[in-house]
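# Architecture at a glance
Below are the chains, spelled out letter by letter.
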Amino acid sequence: MSTEGNASPEGGFTWGPLAADLGGARRLARLSIESSARASHVPLAEPLRAFEEALDARRFEGCILQDRGATVGVVCWHRQDPIGLVVGPLALEPTAATPALYLELLRRLEAREGPVAFVGGPLVGLTADQERRAMESAGFARYGRLEMELRVYSPASGGLAAGGPGHAARPIVREDLEALATLHAAAYRDRFDRYLFLESEDEVVDARNLVSGVFDGRWGELAAEGSRAIEAGGRMVAATLAARRPRGTLILDVMVDPKVQGQGFGRAVLSASVRGALEAGAGPIHLNVTDGNVPALRLYRSLGFEVTLGPTVDWYSLRRIPVSPQVADASPGAEGVPGAGR
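Keep in mind the model is a prediction, meaning the values are calculated, not measured.

### Focus on the pairing of strand β4 (residues 84–92)
The element β4 is largely enclosed, with a buried count of eight among its nine residues. As paired elements, strand β3 (residues 70–80) and β4 share seven bridges and run antiparallel to each other. Counterpart to Gln 80 in the pairing with β4 is Gly 84. Remark: three residues form the turn of the hairpin made by β3 and β4, two consecutive strands paired antiparallel. Sheet analysis places β4 next to strand β5 (residues 116–120), joined by three bridges and oriented parallel. By the bridge assignment for β5, Leu 85 is matched with Val 116. In terms of handedness, the path from β4 via helix α3 (residues 99–113) over to β5 forms a crossover that is right-handed.

Shown next, in the form of structure tokens:
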């Protein structure tokens, strides 16, 4: 983006590079991060550290908005091809914040850099109703993410509900990459969560890249003790992938082939993953799930996971994301819809 003194239709506002007032950009970014942390009950230190690390590593682009030389806004983004820009932190000085000015920032960003797919909220200086009406008028809808932690686990709650005793879970190995990619593509097909990490329009290529990233430590060292697969009929039908993180074990994916969902494979593979991590003394076990994924939430709660953080307040473009985050509970035994995430 060219940021050299571009006048805005909103009065005398002009764009400038982050470097023009890095202190002001950091201050306003902190307001955005604090607002998000309060809304989702997230400890502030971790997202602030992540922002500073990303800023130092130049993992995102950004600019400031100035009014007569004073910094009154900041917008940061990174590109997530092929779906568009992921925006955040995004903040205006509370005394200058209006719904119209936020929408103008997004409009100008899209005009210069391309379509926006996701926007992090809440928007500093707006009420929840003002934010909702503004974002909906621009073609966005709200979604949220939850963090869950295993608090109480009963081994008796595991096992296949209707799969038979012959389908034992086994550890994941790197040679499983292609089978995992095929399963990942099928499990996340037409699901909102796929778009949160989408990198290629080819679903198999996209799945292979994501699974390769797990093996290569993209989200933390692979936790072999918490990564399991179940095979039936000569193919992989369910799997979990987990990573070691500073806070313990993070379950990155719970995948079940849609052809066998509702038969207990999701419960069985997640139970095996949890048992493996516990037996290895892996520490607290966490996972993330999209708010509204009813089958996944039901499964996780039944195994002893409880919501510890969230939901976040975020927005997705109805033009760029063709599916809703809401997943209906199709049947009393529904389970296994992919729901864990990075």
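### Quick word on the packing of aromatic side chains
Aromatic rings in a pair are described by how distant their centres are and how their planes are angled relative to each other. Under the definition given, this model contains seven aromatic pairs. When the ring of Tyr 143 is compared with that of Tyr 316, the centres are 6.1 Å apart and the planes differ by 65°; the resulting orientation is edge-to-face. Residue Tyr 143 is located in strand β6 (residues 140–143), and its partner Tyr 316 is located in strand β15 (residues 314–317); the two are separated by 173 residues in the primary sequence. In terms of burial, Tyr 143 and Tyr 316 fall into one category: buried. A centroid spacing of 6.2 Å and a plane angle of 65° characterise the contact between Tyr 300 and Phe 305, whose relative ring orientation is edge-to-face. Of the two residues examined, Tyr 300 and Phe 305, each falls in the buried class. Here the aromatic cluster, defined as three or more aromatic residues joined through ring pairs, consists of Phe 118, Tyr 143, Phe 192 and Tyr 316.

About the criteria used
Residues numbered from 1 in each chain as written. Predicted model: local features only at pLDDT ≥ 70, side-chain atom pairs only at ≥ 80, totals over all residues. Heavy atoms only, no water. Buried < 20%, exposed > 50% of the residue type's maximum accessible area, 1.4 Å probe, protein only. Helix = DSSP H or I, 4+ residues; strand = E, 2+ residues; numbered from the N terminus. Pairing = 2+ DSSP bridges. Right-handed = clockwise from strand over helix to strand, strands pointing away. Phe/Tyr/Trp six-rings, centres within 6.5 Å; stacked < 30°, edge-to-face > 60°.

These figures come from the coordinates and say nothing about function on their own.
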